[in-house]
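Structural overview
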Amino acid sequence: MELDAKAPGGPIETRWDRHRFNLKLVNPANKRKYTVIVVGTGLAGGSAAASLAELGYQVKCFCFQDSPRRAHSIAAQGGINAAKNYHNDGDSVYRLFYDTVKGGDFRAREANVYRLAQLSLNIIDQCVGQGVPFAREYSGYLDNRSFGGAQVSRTFYARGQTGQQLLLGAYQALERQIGAGQVEMHPRTEMLDLIVIDGRARGITTRDLITGKIESHLADAVVLGTGGYGNVYYLSTNAKGSNATAIWRAHKRGALLANPCFTQIHPTCIPVSGEYQSKLTLMSESLRNDGRVWVPAKKGDTRPPAQIPEAERDYYLERRYPSFGNLVPRDVASRNAKAVCDEGRGVGESGLAVYLDFRDAIERLGRHVILERYGNLFEMYERITGENPYQAPMRIYPAIHYTMGGLWVDYNLMSTIPGLYVIGEANFSDHGANRLGASALMQGLADGYFVLPNTISDYLASTKFEKVDLSHPAVREAETQVTSITKRLLETKGTRSVDSYHRELGKLMWEHCGMSRNAEGLRHALGTIPGLREQFWRDVRVLGTNEELNQSLEKAGRVADFFELAELMCLDALERNESCGGHFREEYQTPDGEAARDDEHYSYAAAWEFRGVGNPPALHKEPLGFEYVHPAQRSYK
Ligand SMILES: Cc1cc2nc3c(=O)[nH]c(=O)nc-3n(C[C@H](O)[C@H](O)[C@H](O)COP(=O)(O)OP(=O)(O)OC[C@H]3O[C@@H](n4cnc5c(N)ncnc54)[C@H](O)[C@@H]3O)c2cc1C
C-alpha cells in the first residue's frame, strides 16, 4: 500500500494557505445536504462537531459519558501552547515549530507541525472570544508560563484547570448547535464498529449504554476524536473510561495504525501506593516552573527531606541539563527519575519516587503566589497523600500519560479509509516520538476548529455518494459482529474479573513496553499476550445482562481490544531498533544514557495494517523528510 501523506511542498510558511486554496469547497446552500458523524466530545471532537455544524453540515455526535462535557479533556491541567510571544522573550511560530519537531525527536511530519504552530495563534483568539477565563497579568494581558522542552513562556493557562475551561468553551459552542438542531447528540452511546461501504466510511454501529440496544447510524463521513489508549497499561493518568475501542475497530476495518509503541510517560505523577490502586494522578508539568527536582546524593539515605542539607542533595536535572534544568522534556525527565531510583537513591517507602520541592520558590515568591499558581494541584496532592506540599516536598514518579501513536492520517487528517477522519489524541499526527507539554490541547483544537472544517469539504465535494440505508449488508454485518462479541462476553461466565485481566496485561506492558524496553522483554511480552488473551476469552466473568447499564460489560469489550492493541505495540517497539523520544530501547543509547536514534534506517512513521487476530500485521512506512529542522542529537544541556 502506498501511503500518500498529501503534505504540500514549497515554502513551509505558505503550505497550509496554498493547500487550503486548492481544496474544493461545498457551497453554503449545499452543506446541509451532507451528514457527518463525529465520535467524541473532548476538545477535538467537541470543537469539530460545533464547527462543522456552524458551517451548516448536519452533525450526529456521540460520546459514552452522560454529558459531552465530561470527556477526558476536562482533566487537562497545565495549559495550552501558542506562539503569541506576549512575553517578548524570543518566541515565534518558527520557534514553536522547531521545538515541536525537535521535542518529538524528528519522528513527526514537518508540514503538519508547522501548520499546528501557525494555528496555535488562532486557537487563543477563538477561545478568548468564547470567554475562556485564561489567567491574566496585572496589565490585562494573558499570562504565560513555561513547559518542558522550551526556553520561552508560551503556555496559556486557567489555573490548573485549563482543559476544563477550554472544554466548557467548546461545549457551549456545541450546545448552541444542539439547540439550533444542527447537531443530534447521542450521549451514553458507544461506537463499537465502523461501517465501510464500497471502501468508504459511511457510518457506525453503536450500543446504547443504558438499554443495551445495538443500532447503526449512516453519514457521508465519519470523524473519530476518541482520545488516547494509555489505559492499555491499566494504571495511567487517563480517565478510567478512556479506551481504544473506536480506533481499534476502525483499524480492523482497514485503517492503518501508526507508531503504536510511541507512548508518553509523564515524569510528575503521584507514585503508585499499592496493589489495588486503579488510577494514577498527574501533578501538572507546570509545577516544574517553580518546583525543583532532587534526590539524596547518597544511596539509601532515609532521613526526612528537611534534614538533608543542601550539600547532600542532588538536583540531578539542573546538574545534567543546565540550559533547561527542571524543564527538560518529559521523556528526558522521566528516564532520569528512573535512573536515580534504579541507583537506589529513590525516596519514600517504595524507593520509587523523587522530590519536587517548592521550598525555594515559597521563600522567593511567598506562599500566596504559589497558592495562586498551583492551589488546586497542591490541594489535590494533599488529599491523596495526606502530606502538605507547602511544608514538605511532593514525592513524584513517572506514569503513563499520553499516546503519540494512533490511526495514521494524511495532511487532511483522513485515515487510509476514505471518508474516515481522525483528530486529537486518536490520530498519530503531530508529536512524533514525544509530545511536548501543553501541545495536546493545542493539537486537538487545531484539528477540530481549524483543520478538519477546511479539509472535509474537499472530500465531500469531490465524492459521489451512493444512497445507502440501514438494510445494507455491511450494516447488518457490523451489527451481527457487535452483537456476537457482546453475547460471547456475557456467556463466558468464567472465574476471573475483567479488571484482574486488565491489571495483568497492564503490568506486563509497563514492565516490558513501558519507560524502557529491550528486545528480550518485548519478545517475552509477545510470547505471553496471546495466551493471556485466549485465557481471557475462555475465563472472563462478566456480570449482569446486556439490557441494562453494565459497566463490567463495557469494560470487557474495551479490555478485549487492549489485548490485541498491546500485541501490536510490542511488535512495533521490537521492530524499531533505535531509541527516540518516549521509545527508549535499552540497547540503543548514547554513552551518557540519552536516546540514540538511527535516522538512516528508522526515519519513518510505521503504519500497521491489520491482517486478522493472531496473524502478523503488515508494516507500511511513511518516510519522513526534514527540510527545515535538520535531525541532530537532541540536546538540552
Ligand atoms: C491528567 C491529564 C492532564 C493533562 N493536561 C494537559 C495539559 O495541561 N495540556 C495539554 O496540552 N494536554 C494535557 N493532557 C493531554 C490532553 O488532555 C489530551 O490529550 C486531550 O484532552 C485529548 O483530547 P481528545 O479530544 O483527543 O480526546 P478525549 O478528551 O479523551 O475525548 C474522547 C471522547 O471520545 C469519546 N469516545 C471514546 N471512545 C468512544 C466510543 N467508542 N464511542 C463513543 N464515544 C467515544 C469519549 O466519550 C470522549 O467524548 C493531559 C492529560 C491528562 C491525562
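Positions within a chain are numbered from 1, following the residues in the order the chain's sequence is written. Totals for whole chains, interfaces and linings use all residues, but because this is a predicted model, local features are given only for residues with pLDDT of at least 70 and pairs of side-chain atoms are given and counted only at 80 or more. Only hydrogens and water are set aside when side-chain values are computed; all heavy atoms of the structure are taken into account.

**Points about the pairing of strand β14 (residues 354–357)**
Test applied: Throughout, exposure labels follow a simple rule: accessible area from a 1.4 Å probe, protein chains only, divided by the maximum for the residue type, with under 20% read as buried, over 50% as exposed, and the rest as partly exposed. Counting from the N terminus, the helices are DSSP H or I runs at least four residues long and the strands are E runs at least two residues long. Two strands pair under a simple rule: DSSP has to find at least two bridges between them.
Neither face of β14 is exposed, since Val-354 and Leu-356 on one face and Tyr-355 and Asp-357 on the opposite face are all buried. As defined by bridge partners, strand β12 (residues 292–296) adjoins β14 across three bridges and the pair is classed as antiparallel. Along β14, the bridge assignment pairs Arg-292 with Asp-357. Across three bridges, β14 lies against strand β15 (residues 394–403) in antiparallel orientation. In the sheet register, Val-354 faces β15, and the bridge partner there is Ile-396.

**A word on the domain arrangement of the protein**
As a reminder, the rule being used: Just so you know, the domain bounds were taken from an automatic or database domain assignment. It only takes one pair of heavy atoms within 4.5 Å for two residues to be counted as in contact. Buried area: the accessible surface (1.4 Å probe) lost by two parts on joining, summed over both.
Assigned domains within the protein: domain 1 (265–399) and domain 2 (473–597). Using C-alpha coordinates to define each centre, domain 1 is positioned 31 Å away from domain 2. Listed by partner, the interface residues are 13 residues for domain 1 and twelve residues for domain 2. Overall, the association of domain 1 and domain 2 removes approximately 970 Å² of surface from exposure, summing both partners, and the carbon and sulfur fraction of that is 55%.

**Some points on the site of the ligand**
Where we set the bar: Residue proximity to a molecule or strand is established when one non-hydrogen atom of the residue lies within 4 Å of it. Polar contact is defined as a pair of N or O atoms within 3.5 Å, subject to the rule that within protein one atom must be able to donate a hydrogen and the other to accept it, and that residues adjacent in sequence are counted only when both atoms are side-chain atoms. Where accessible areas are quoted, they stem from the Shrake-Rupley method and a 1.4 Å probe; at the residue level, only the protein chains shown are allowed to cover. Following the grouping adopted for this structure description, the nonpolar residues are Ala, Val, Leu, Ile, Met, Phe, Trp, Tyr, Cys and Pro, the charged ones are Asp, Glu, Lys and Arg, and the polar ones are all others, Gly among them.
In the vicinity of the ligand, 37 residues are found, and the nearest of them are Gln-65, Ser-73, Gly-78, Met-191 and Glu-425. Contact distances for the ligand include 3.1 Å between an oxygen atom and a backbone N or O atom of Phe-64. Ser-439 is positioned with one of its backbone polar atoms (N or O) 3.4 Å from an oxygen atom of the ligand. Burial of the ligand by the surrounding chains reaches 98%, relative to a free accessible area of 1,000 Å². Elements that contribute at least two residues to the shell around the ligand include exactly α3 (43–55), β6 (189–197), β15 and α12 (440–462). Tallying contributions element by element places β6 first for the shell around the ligand, with three residues. Considering only residue class, the shell around the ligand consists of 16 nonpolar, 18 polar and three charged.

**Some words on the environment of Gly-199**
Position of Gly-199 relative to the elements: it lies in the loop between β6 and β7 (200–208). Exposure remark for Gly-199: the relative accessible area of 43% places this residue in the partly exposed category. Placed 217 residues apart in sequence, Gly-199 and Thr-416 show a C-alpha to C-alpha distance of 9.9 Å. Non-local contacts of Gly-199, meaning those with residues more than four positions away in its chain, are made with Ile-417 and Pro-418.

**Side note on the state of the cysteines**
The criterion, for reference: Only a pair of cysteine sulfur atoms within 2.5 Å counts as a disulfide in this structure description.
For the structure shown, the criterion picks out zero disulfides. The cysteine Cys-61 is free of any disulfide, with Cys-63 supplying the nearest cysteine sulfur at 6.7 Å. Just so you know, Cys-513 is unpaired, no disulfide at all, and the nearest cysteine sulfur is the one on Cys-570, 4.3 Å from it.

**Details of the packing of α3 against α12**
When two helices pack together, their arrangement is given by the angle between the helix axes and by the axis-to-axis distance. Note the cut-off: To get an axis, a line is fitted to the C-alpha atoms, and for a helix only the part in contact is used. The angle between two axes follows their N-to-C directions and goes from 0 to 180 degrees. When an angle is under 35 degrees it counts as roughly parallel; over 145 it counts as roughly antiparallel; between 65 and 115 it counts as roughly perpendicular; any other value is oblique. Should the near helix be turned anticlockwise from the far one by less than a right angle, the crossing is termed left-handed; should it be turned clockwise, right-handed.
Two numbers describe how α3 lies on α12: the axes approach to 8 Å, and their chain directions differ by 30°. What the angle tells us is that α3 and α12 run roughly parallel. Two packed elements cross with a definite hand, and for α3 against α12 that hand is right-handed. Within the contact between the two elements, α3 uses Leu-43, Ala-44, Ser-47, Ala-48, Ser-51, Leu-52 and Leu-55 and α12 uses Leu-441, Gly-444, Leu-445, Gly-448, Tyr-449, Leu-452, Pro-453 and Ile-456.

**A short note on empty space enclosed by the protein**
Short version of the rule: Here a cavity means grid points, on a 1 Å grid over the protein atoms only, where a 1.4 Å probe fits yet cannot get out; a pocket means an open set of points with protein on both sides within 12 Å along at least five of seven lines; lining residues are those with an atom within 4 Å of a point. Grid points are joined across faces, edges and corners, and a volume is the space filled by probe spheres set on the points.
Under the defined criterion, the tally for this structure stands at four cavities of 30 Å³ or more. Around the largest cavity, the lining residues are Glu-190, Leu-192, Arg-207, Thr-245, Arg-249, Ile-485, Thr-486, Leu-489, Leu-553, Glu-554, Gly-557 and Arg-558. Mapped by element, the contributors of at least two residues to the lining of the largest cavity are β6, α7 (245–252), α13 (473–492) and α16 (551–575). Among the elements that line the lining of the largest cavity, the one with the most residues is α16, at four residues. Tallied by class, residues from the lining of the largest cavity come to four nonpolar, three polar and five charged. Roughly 60 Å³ of volume is contained in the second largest cavity. Where the lining of the second largest cavity is concerned, the elements lending two or more residues are β11 (263–269) and α9 (330–342). Here the lining of the second largest cavity is composed, by residue class, of two nonpolar, five polar and two charged.

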